[in-house]
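Given next are the chains, with one letter for each unit.
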Amino acid sequence: MSQVKRLAKKWFADIPAGDIPERSIAREAPQLRLQQKIQETNVPVDALYIAFHCCDRTHPDFYLTDLLSDVLSNGPSSRLYRRLLKEKQLFTQIDAYITGTLDPGLFIIEGRPSEGVTLEAAEAAVWEELQLLLDEPIGEEELQKCKNRAESALIFSELSALGKAMNLAFFELLGDADLINREPDLYAQITAEDMHRVAKTLFREENCSKLYYKAIPGAAAMAGFSGGMDDDDDDDY
């Protein structure tokens, strides 16, 4: 470490610091009622998007929100994938993820219903799964599995020098470079009761915005869509 500091001082100490502009970003007012839209457009299949407002990257509840997205949709044993896609076959694709860095973000659930399944039925099934999270805390075994995956993701993100540099730069942008060292402990300290509290705050109808993408009848045939889907289809949404 002393050699790193010596070389950094040798090569960079005489470079003057630049002016860092103060960030002043207006915060969006809390959403007080459900927002919804139906969009008919030239896409191969219907798609459903359900979004909930959530906290920013530096908020203590970020880690709880992140694990909630893993509970729903990280791996073949996750709730949405296992129950709605594999068992009930209501979706051909479903995912849950969060956005947000310096600003508050969104907890997004998106999916493409199976043939013959309406968007309304698909949405109702998603809300049933969310209600289970609201009714009672998740089990300790399920929680520990998500913690292990989060820890693995953190470790793999720092296997290369480039990965470490990018992570350090990001946390410095957040204003706390040392946070990168504390994140594993922050995930490890999460309890099922903590996640239950955040779920009840997050998954409220008035905090929700939803979008139905409805395929125009005949649009798939005109576009040469034959029933399969590949990675290029994502560009249509």
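Before going into details, it helps to say that this report is about the structure given with it. Sequence order as written defines residue numbering, which begins from 1 separately in each chain. With the structure being a predicted model, the display of local features is reserved for residues of pLDDT at least 70 and the display and counting of side-chain atom pairs for 80 or more, all residues being used for whole-chain, interface and lining totals. To obtain the side-chain values, all non-hydrogen atoms of the structure were used and water was disregarded.

Digging into the packing of aromatic side chains
Each Phe, Tyr or Trp ring (for Trp, its six-membered ring) is paired with any other whose centre lies within 6.5 Å, and the angle between the two planes then decides the class: stacked below 30 degrees, edge-to-face above 60, tilted in between. Counted under the stated rule, the structure contains seven aromatic pairs. Where Y49 meets Y213, the ring centres are 6.1 Å apart and the plane angle is 75°; that geometry is what we call edge-to-face. Of the two residues, Y49 is situated in strand β2 (residues 47–53) and Y213 in strand β5 (residues 208–215); the sequence distance between them amounts to 164 residues. The interplanar angle of 80° and the centroid separation of 5.1 Å between the aromatic rings of F52 and F203 together place this pair among those described as edge-to-face. Where helices and strands are cited, they refer to DSSP runs of H or I of at least four residues and of E of at least two residues respectively, numbered from the N terminus.

Some remarks on the sheet that holds strand β4 (residues 106–113)
Two strands are said to pair when DSSP picks up at least two bridges between them. Taken together, five strands build an open sheet; the order of strands is β1-β5-β2-β4-β3 and the sheet is mixed. What marks the edges here is a single partner per strand, and that holds for β1 (35–41) and β3 (91–98). Averaged over neighbouring strand pairs, the angle between their axes works out to 10° when direction is ignored. Pairing analysis gives six bridges linking β2 to β5, with the strands arranged antiparallel. The partner of A51 across the bridge, within β5, is S209. We call two residues in contact when some of their heavy atoms are within 4.5 Å. Note on geometry: axes are lines fitted to C-alpha atoms, helical ones only across the stretch in contact, with angles between N-to-C directions running from 0 to 180 degrees. Here helix α3 (residues 79–87) sits on the sheet and contacts β3 and β4; the angle it forms with β3, its principal contact strand, is near 160°.

Concerning the pattern of salt bridges
Salt bridges are identified by distance alone: a Lys or Arg side-chain nitrogen within 4 Å of an Asp or Glu carboxyl oxygen. One pass over the full model with this rule turns up nine salt bridges. The salt bridge involving R57 is made with E183; its shortest N-O contact spans 2.8 Å. Taken together, the positions of R57 in the loop between β2 and α2 (62–73) and E183 in helix α7 (residues 179–188) put the pair 126 residues apart, joining distant regions of the chain. The rule is simple: take the accessible area with a 1.4 Å probe, protein chains only, and divide by the maximum for that residue type; under 20% is buried, over 50% is exposed, in between is partly exposed. Since its relative accessible area comes to 10%, R57 is described here as buried. According to the relative accessible area criterion, E183 is buried, its value standing at 3%. When the shortest N-O distance is used, the salt bridge between D61 and R197 registers 3.0 Å. Residue D61 is located in the loop between β2 and α2, and its partner R197 is located in helix α8 (residues 192–202); the two are separated by 136 residues in the primary sequence.

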